[in-house]
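Understanding the architecture of this molecule
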Amino acid sequence: MIFSSVFFIFVFLPIVLLVYFLVPRKLKNLVILLFSLVFYAWGEPVYIVLMLFSILYNYVAGIEIDYHRSRGMDGRARFTFWMAVAVNLGILGFFKYYGFLLENLNAILPAEIPFRALSLPIGISFYTFQTLSYVIDVYLDKVEVQRNIISFGTYISMFPQLIAGPIVRYADVEAQLKNRRVTLARFGDGTAWFLRGLGKKVLLANNIGMAYDAIAALPSGQLSVLTAWIGCAAYTFQIYFDFSGYSDMAIGLGKMFGFEFMKNFQYPYTSASITEFWRRWHISLGSWFREYVYIPLGGNRVSTAKHIRNIMVVWMLTGLWHGAAWNFIFWGLYYGVLLLIEKYALKNILDRLPAFVCRIYTMFFVMIGWVFFFSPGMGSALRYLGAMFGIGGGGFLNGTTVYYFRNYFLLFIVLILCSGSYIYKKFLQISFGGKREHKVLVLTAYLLIFLLSAAYLVNATYNPFLYFRF
Amino acid sequence: MATRRENQEKIDRRTMRRRLLARRRAEACRWLAGIFVLLLAAAGILNIVTKDREFSDSENRMLAAFPEFTWESVKSGKYMSEFESYVADQFFLRDQWITLKLYEDILLGKRESNGVYLGKDGYLMEVPDEPDQENLRKNLSSMAAFAERHPEVPVYVSLAPNAFSILKEKLPEGAPVRDQAADIADIRTALGDGIRYIDLTDALREHHEEYIYYKTDHHWTSLGARYAFSRLAEDMELGETETDYTVYTVADDFQGTLASQSGYHKSRDTVQIYEPAGGETDYIVLYAEEGKKTTSIYDSASLEEKDKYTVFFGGNHSRVDINTTGTQDRNLLLFKDSYANCMVQFLLPYFQNIIMVDPRYFYDNVDNIMESQGITDVLFLYNLNTFVCDNSIADVLAEEEST
Amino acid sequence: MEQLKKGIIAVKYILLVLLLIFIASLLSSGSISRASIEQVSENVARSLEMGSLSPADNRMVKRLYGINANDYEGVSLYVSDSNMKVEEILIVRLRDTEQSKDVEAAVQKRLDRQLESFEGYGPEQCRLLEDHILDVQGNYILYVVHKDAKAADKAFQKSL
């Protein structure tokens, strides 16, 4: 089930809310757990087994680690811990990379190993990272072990962030699992987050996504330089508004049930360097890798050679996390190299350049990066890049370019405006900052988003959700 | 001292202001929360109260019904996806929501909706399909082989270009379409010399300012078919043909498939039928599969239906035999898609028998028909967009294995 | 306390075993197979007494089942030469698992028609028809009417 569907908003959500606020406090976590399991099973029922396994296994592993450690049996604790890490990564690896691995093996080996492609369990990349954060933190004694299976199950399967993040670390919600309060104002704040996210996803991302799809489907002869850039820009906006919209909806839903999740995006397209971009893009993933991979490897407090190694390891893993294909790995390494160059060579230069030059520089490399991300393989990525730089024979500009430009001009303007913080700040300023407040303006704006989005949802012939793949 | 107090006051003012903002925001949030919950409740009630519809006229399709609950369907996830389509399909005021969505798109400057271009002057046009190259090649070689098997009978192929290439001026500015002239050239080369290709492009293009394609439907109008017919008649050597027709307008509120597909219901179309002024031909129409006989190629009941183009033959059939009382000595085997349905009214007077075969539904041996019906002419009449995506012609033309 | 610990460890390993069983069952059914239709049909054909069964062309598929073979990744059909025999094998490789509904419906229609025509005077044929196997495995569908239907189904599943 996805949030941006008629079914979720008009059937599932009202029922969950009704039940959640009717039952006594003691049962609230159980309600979230049960509905989360239904939510998870909705798309692919068999994989509910996997979810239940993850909950039970990590619950037991946590208790065992704690038991050994509290008795000073560090060796046993270590063994249990590494086994838990291996099992969690093993499941992720198997379901996500099994097909990729065999495909590459088949390409190298003379004999063909037959295999069946398995569909990817939804959200597995996200919840595996959550279980890992729990197991690691218990092992390092950073958090208390969770002895309540319902609370633990609620943490792993919580439907607001189940399928597309943000990746919530156990430490961040430990207290909220036990004790949380929902006030009307907080619920309303959650609603506002949810509706903003819905608008971003349905009105902005899906619409510009159609431009990208249409351009990506053009025969290469018709792809002029400018059309290729329009397509790339379309994807650049689509992925941001899609993913950040979904994160906003998750954060909003969390608030409605009293949870506070970490912000996942902070206007990444206004960054003045690649380093800054990654501090603002998919923040929960970046901080997960920093906490659990980069710092344990020694971070930057090591020799330059080792630091370079650490960066490249983290970014290769980041790439691989996004998908089991060479172009994702390349995409990750590409950022690793860019970050190293920035750190060791460009830093001083960037500091002296005017801000808008830095932003253009950042967006240029981010957009090139997305080409590797959206292409089905390395070959087609290079072909698309070729078209963007005039090696492709589609000319610089043609009738198709004009058509897409006219069709999406207005939307592009809206997208550019919404990529920065200015509009939202101004909106808050006008609504609340003046002598008189303009409550009606706020309410009208949010309800309008709701109404306009609902029309798209009802028409949902076109509602692909991009971040499912990861 | 003074500056310190000033600073303190400044900080106080800021704190006050921050508190004021927070209070106002919280207040607005409380309102939003209340309204949101009310709206969800209201939508819920409206959805329950609204009666389920079986069919959507405007979308021209069956709407999903409440799914049947079985363990199997839950396990496979079918139940869930059916449930979701049920909720979306039976959503209250569904048609109005869809219209709202279309206006949002137009407001944003989009000239395309669900695979349909919203052209100028209310013209809707298909976004062309990518050809199915593999099947296209198979079809073309099977047609060439078929012509070779029957050297005594002339085999004609005529593919009508679609509105998006004939009425280029009506397309949204710069809308990408296939180059159908190039497609035709490729097809002609592949068909080879054994087949006589009749190019309709010029005959239609010449009249592009007239009403030769429906605005809301992917078919040509009877007028378009008429211009095409004069070209066919010439190439097929039908002799002196009728030039004077009595035209009857049978519907003026037709909204075709493209209106359904796009959700854009602003234009209306007129459906006309043509009868030769110089006296009509008597004939019997036999629908082979349905075993139905009539004395008219027009199906007036269809005019009560949504799809008024089906006034010609009541739609598509696997095989239709038309026997005329005329004394001409020519018998036509017509392989066709729905474009041909409104062409037959022009062809009627010039053949003793016309056998219409729609390969999408037909599976009998066509070589048998060739012999038993004494076929003297074979015509493949399609619109180009359907033809390049067809995957049924080759199978129908395949030579029966002698067993 | 010691007991609790043992219990916990036992639970953990039981869970792991269950997981392996689950993965094994996933791998053996329901997922997308990359086997070619030619290979699958050959294996199935070899698993039973072919007798009067011989391969039929796409037109036959349309005639008997009303489905267009080119809409699918591949279709192979074996029918009996004699009208009085009901033995039949249909194997369809789907383009997309959504198509299984259409094929199942087509098979059901064909089966009903056959049952109707043999009802009352062909008890043996009816028996065979009633014992048919219709097996949907991800992107492959097998429909077989034959006394060795079970063997055919086994060969079918094995070759996916």
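Residues numbered from 1 in each chain as written. Chains lettered and ligands numbered in written order. Predicted model: local features only at pLDDT ≥ 70, side-chain atom pairs only at ≥ 80, totals over all residues. Heavy atoms only, no water.

1. Describing the overall build of chain B
- Secondary structure assignment for chain B yields 14 helices and 15 strands.
- Relative to the compact-globule value of 22 Å for 403 residues, chain B shows a C-alpha radius of gyration of 29 Å, a clear excess of over 25%.
- For chain B, the C-alpha atoms occupy an extent of roughly 115 × 50 × 45 Å along the three principal directions.
- Scored against the burial criterion, the 403 residues of chain B give a buried share of 51%.
- In the form shown here, chain B has an accessible surface area of approximately 19,500 Å², with 50% of it arising from carbon and sulfur atoms.
- In chain B, which carries 44 positive and 68 negative side-chain charges, the distance between the mean positions of the two groups comes to 19 Å. (Helix = DSSP H or I, 4+ residues; strand = E, 2+ residues; numbered from the N terminus. Rg over C-alpha atoms; globule rule 2.2 N^0.38 Å. Buried < 20%, exposed > 50% of the residue type's maximum accessible area, 1.4 Å probe, protein only. Areas by Shrake-Rupley, 256 points an atom, 1.4 Å probe, with all protein chains shown as cover. Lys, Arg positive; Asp, Glu negative; His and termini not counted. Charge placed at Lys NZ, Arg CZ, Asp CG, Glu CD.)

2. Comments concerning a nonpolar patch on the surface
Residue and element names in this part refer to chain A.
- A cluster of nonpolar residues, Phe405, Phe409, Leu410, Ile413, Leu417, Tyr422 and Ile423, forms a patch on the protein surface that exposes about 680 Å² of accessible area.
- Listed by contribution, the elements that provide at least two residues to the nonpolar patch are α16 (399-419) and α17 (422-433).
- Counting residues per element, the nonpolar patch draws most heavily on α16, which supplies 5 residues.
- Within the element layout of this structure, Phe405 appears in helix α16. (Patch = residues over 30% accessible without salt bridge, like charges linked within 9 Å, V, L, I, M, F, W, Y side chains within 5 Å. Salt bridge = Lys/Arg side-chain N within 4 Å of Asp/Glu carboxyl O.)

3. Regarding the pairing of strand β13 (residues 331-336) of chain B
Residue and element names in this part refer to chain B.
- Taken across its 6 residues, β13 has 6 buried, putting it largely inside the fold.
- Where β13 lies against strand β14 (residues 353-357), 5 bridges are found, and the strand directions are parallel. Bridging across to β14, Leu333 finds its partner in Ile355.
- As paired strands, β13 and strand β15 (residues 377-383) are joined by 5 bridges and run parallel to one another. Paired with Leu332 across the two strands is Asp377, which belongs to β15. (Pairing = 2+ DSSP bridges.)

4. Section: the interface of chain B and chain A
- Listed per partner, the contact involves 49 residues of chain B and 59 residues of chain A.
- Both faces combined, the contact of chain B with chain A buries some 4,800 Å², and carbon together with sulfur accounts for 70% of it.
- Of all residues in chain B, the largest losses of buried area upon contact with chain A belong to Arg24, Leu32 and Phe36 of chain B, amounting jointly to 15% of the total for that side.
- Linking chain B with chain A are 1 salt bridge.
- Among the salt bridges present, the one from Lys439 of chain A reaches Glu27 of chain B, with a minimum N-O distance of 3.6 Å.
- Taken together, chain B and chain A are joined by 8 residue pairs in polar contact (both at pLDDT 80 or more).
- At 18 residues, helix α1 (residues 2-49) of chain B tops the list of elements feeding residues into the side of chain B that touches chain A.
- Taken together, the residues that form the side of chain B that touches chain A break down as 29 nonpolar, 5 polar and 15 charged. (Contact = heavy atoms within 4.5 Å. Buried area = accessible area lost by both parts, 1.4 Å probe. Polar contact = N/O pair within 3.5 Å; in protein donor to acceptor, adjacent residues only side chain to side chain. Nonpolar A, V, L, I, M, F, W, Y, C, P; charged D, E, K, R; others polar.)

5. Some words on the domain arrangement of chain C
- Partitioning chain C into structural domains gives domain 1 (1-30) and domain 2 (34-159).
- Once you take the C-alpha centre of each, domain 1 of chain C and domain 2 of chain C turn out to be 39 Å apart. (Domains from an automatic or database assignment.)

6. Overview of the confidence of the model for chain C
- Taken as a whole, chain C shows an average pLDDT of 84; of its residues, 94% reach a score of 70 or greater.
- When mean pLDDT is taken per element in chain C, strand β3 (residues 88-93) of chain C scores highest with 93 and helix α1 (residues 2-28) of chain C scores lowest with 81. (pLDDT = per-residue confidence, 0-100.)

7. A closer look at a positive patch on the surface
All names here are of chain B.
- A contiguous patch of positive charge, built from Lys10, Arg13, Arg14 and Arg18, is present on the exposed surface.
- With respect to the element layout, Arg18 can be found in helix α1.
- Relative accessible area serves as the criterion here: at 58%, Arg18 is assigned to the exposed category.

8. Remarks on the sheet that holds strand β2 (residues 74-80) of chain C
Residue and element names in this part refer to chain C.
- On the basis of which strands lie adjacent, the open sheet formed by 5 strands has the order β1-β2-β3-β5-β4 and antiparallel pairing. Edge positions in the open sheet fall to β1 (53-56) and β4 (133-137), since each of these has one partner strand only. Strand after strand, the sheet turns through a mean of 15 degrees between neighbouring axes, direction not considered.
- As paired strands, β1 and β2 are joined by 4 bridges and run antiparallel to one another. Bridge assignment links Leu53 to a residue of β2, and that residue is Ser80. (Axes fitted to C-alpha atoms, helices over the stretch in contact; angles between N-to-C directions.)

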